[in-house]
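Fold and contact review
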Amino acid sequence: MDIDDILASVDHGVGSSLESAALDHQLLTRFWVAERAVSEVLPWPAPLMERMMDRVRLQIETIEDLAASSADTDLSTNHNQSYNPNLNLRLSILQTDLARTQYILRSLLRQRLAKLSKHSMHYLGLLASRNKNPLTQSQSQSQSQSQTQNPNAQPEDSVPDISTVTDFSPLSEQESTFVHAHQTLLAGYYGGSFMGAFSPQLRRLDDNAGGTSMVQGPESKEVVFVRCLGAHVPVVFVGEEGEEDIGVTMRMGDVWVTRWEGVKGAWMKGDVELL
């Protein structure tokens, strides 16, 4: 039995195979590299993460069973029973592979949480605005104006309400709960520390007076390294007025340095990978 057979022995899902496990690990690694390369939170790959977490759970159960078997084997050697010399090797290989997968998952989640903590108001506003119709949006604007005029208004009153949100993209549901709780606690801390002494119209965290918004989103014009995976992939340039224009075309195997906004659509389609 080789290493590939040992790793495949813990993957017992429906339709699972050695090729599918290797492909999922490659997709996870690519998504991890992409998440570290850009400043915005990329869409949460729910099916991929569910498969990876199922494999991690099965692998942990297999390692625990092998560890128990190894302990029983060590005790049985004193009674002249059979001893499996490959058991410890198999256990070591599974533990090493598990540690590699857990490292990528932890690093990926920490990177996403760091982005959510930095741009929490931006993503909360994005989630809240996506699930509002024009009537509800006008009502929320009038409500925010009344809160601004309220002498008892607090910074946490400006945190968007996402209790009715059903579409959490690009976040997962757990990430949405985290970012709302994080921003609510942060707003309460600001209010108790210094913002409570401000006038009511200056206590909102989403103030856009003077045409300047206090809510800062991730940078879309940052430079990234990409490798072309398709035959012909266009690079889109966005003008000052927001108009998109296809300027140049990448060919398969090309490695370019370009702006993230120009290749974001191609990355979403899987035509390029970030390096």
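Residues numbered from 1 in each chain as written. Predicted model: local features only at pLDDT ≥ 70, side-chain atom pairs only at ≥ 80, totals over all residues. Heavy atoms only, no water.

**Considering the overall build of the chain**
Across its full length, the chain carries eight helices and five strands. Reading the helices (α) and strands (β) of the chain from amino to carboxyl end gives α-α-α-α-α-α-α-β-β-β-β-α-β. Of the contacts made within the chain by residues no fewer than 6 positions apart, 71% connect residues no fewer than 24 positions apart. About 16,300 Å² of surface is accessible on the chain, with carbon and sulfur atoms providing 53% of the total. (Helix = DSSP H or I, 4+ residues; strand = E, 2+ residues; numbered from the N terminus. Contact = heavy atoms within 4.5 Å. Areas by Shrake-Rupley, 256 points an atom, 1.4 Å probe, with all protein chains shown as cover.)

**Some thoughts on the pattern of salt bridges**
Scanning the model with the defined rule gives 13 salt bridges in all. Measuring nitrogen to oxygen at the nearest pair gives 2.7 Å for the salt bridge that ties glutamate 35 to lysine 115. Note that glutamate 35 is positioned in helix α2 (residues 18-37) and lysine 115 in helix α4 (residues 87-118), a separation of 80 residues in sequence. Judged by relative accessible area, which is 5%, lysine 115 ranks as buried. The partner of arginine 204 in a salt bridge is aspartate 206, and the shortest N-O contact between them spans 2.9 Å. Classification of arginine 204 as buried rests on a relative accessible area of 12%. The exposure class of aspartate 206 is partly exposed, given its relative accessible area of 28%. (Salt bridge = Lys/Arg side-chain N within 4 Å of Asp/Glu carboxyl O. Buried < 20%, exposed > 50% of the residue type's maximum accessible area, 1.4 Å probe, protein only.)

**Observations regarding a nonpolar patch on the surface**
On the surface, a cluster of nonpolar side chains totalling about 460 Å² of accessible area is made up of Val223, Phe225, Val255, Val257 and Leu275. Of all the secondary-structure elements, those providing two or more residues to the nonpolar patch are β1 (223-228) and β4 (255-259). Relative to the helices and strands, valine 223 resides in strand β1. (Patch = residues over 30% accessible without salt bridge, like charges linked within 9 Å, V, L, I, M, F, W, Y side chains within 5 Å.)

**Some details on the sheet that holds strand β5 (residues 272-274)**
Across the sheet, which stays open at both edges, the three strands sit in the order β4-β1-β5 with antiparallel pairing between neighbours. The two strands at the open ends of the sheet, each matched to only one other strand, are β4 and β5. With strand direction ignored, the average angle separating the axes of adjacent strands in the sheet is 40°. (Pairing = 2+ DSSP bridges. Axes fitted to C-alpha atoms, helices over the stretch in contact; angles between N-to-C directions.)

**With respect to the packing of aromatic side chains**
Centre-to-centre distance and the angle between the planes together describe a pair of aromatic rings. With the rule as written, the count across this model stands at five aromatic pairs. With centroids separated by 6.2 Å and ring planes inclined at 50°, the aromatic side chains of tyrosine 189 and tyrosine 190 adopt a geometry described as tilted. The exposure class assigned to tyrosine 190 is partly exposed, which follows from its relative accessible area of 26%. (Phe/Tyr/Trp six-rings, centres within 6.5 Å; stacked < 30°, edge-to-face > 60°.)

**Concerning unusual backbone geometry**
In this structure, the amide linkage connecting serine 169 to the following residue, proline 170, adopts the cis form with an omega of 5°. Structurally, proline 170 can be placed in the loop between α6 (134-149) and α7 (173-193).

**Looking at the confidence of the model for the chain**
Scored by pLDDT, the chain has a mean of 82; 77% of the residues are at 70 or more. Taken together, the stretch residues 134-139 has pLDDT below 50 and engages in one contact with residues farther than four places along the chain or on a different chain. (pLDDT = per-residue confidence, 0-100.)

**Notes on the nonpolar core**
Across soluble globular proteins, nonpolar side chains have a tendency to be buried as a group. Trp260, Trp267 and Leu274 are the most contacted members of the largest nonpolar core, which has 31 residues in total. For this core, the elements supplying multiple residues, two or more each, are α2, α3 (46-76), α4, β1, β2 (232-238), α8 (260-269) and β5. If you tally residues by element for this core, the top one is α4, at seven residues. The contacts of tryptophan 260, once residues within four sequence positions are left out, are Val38, Glu40, Leu42, Ser220, Glu222, Val224, Trp267 and Leu274. Counting 15 residues, the second largest nonpolar core, distinct from the first, contains Tyr123, Ile162, Phe168 and Leu205. (Core = buried A, V, L, I, M, F, W, Y, C linked by side-chain atoms within 4.5 Å.)

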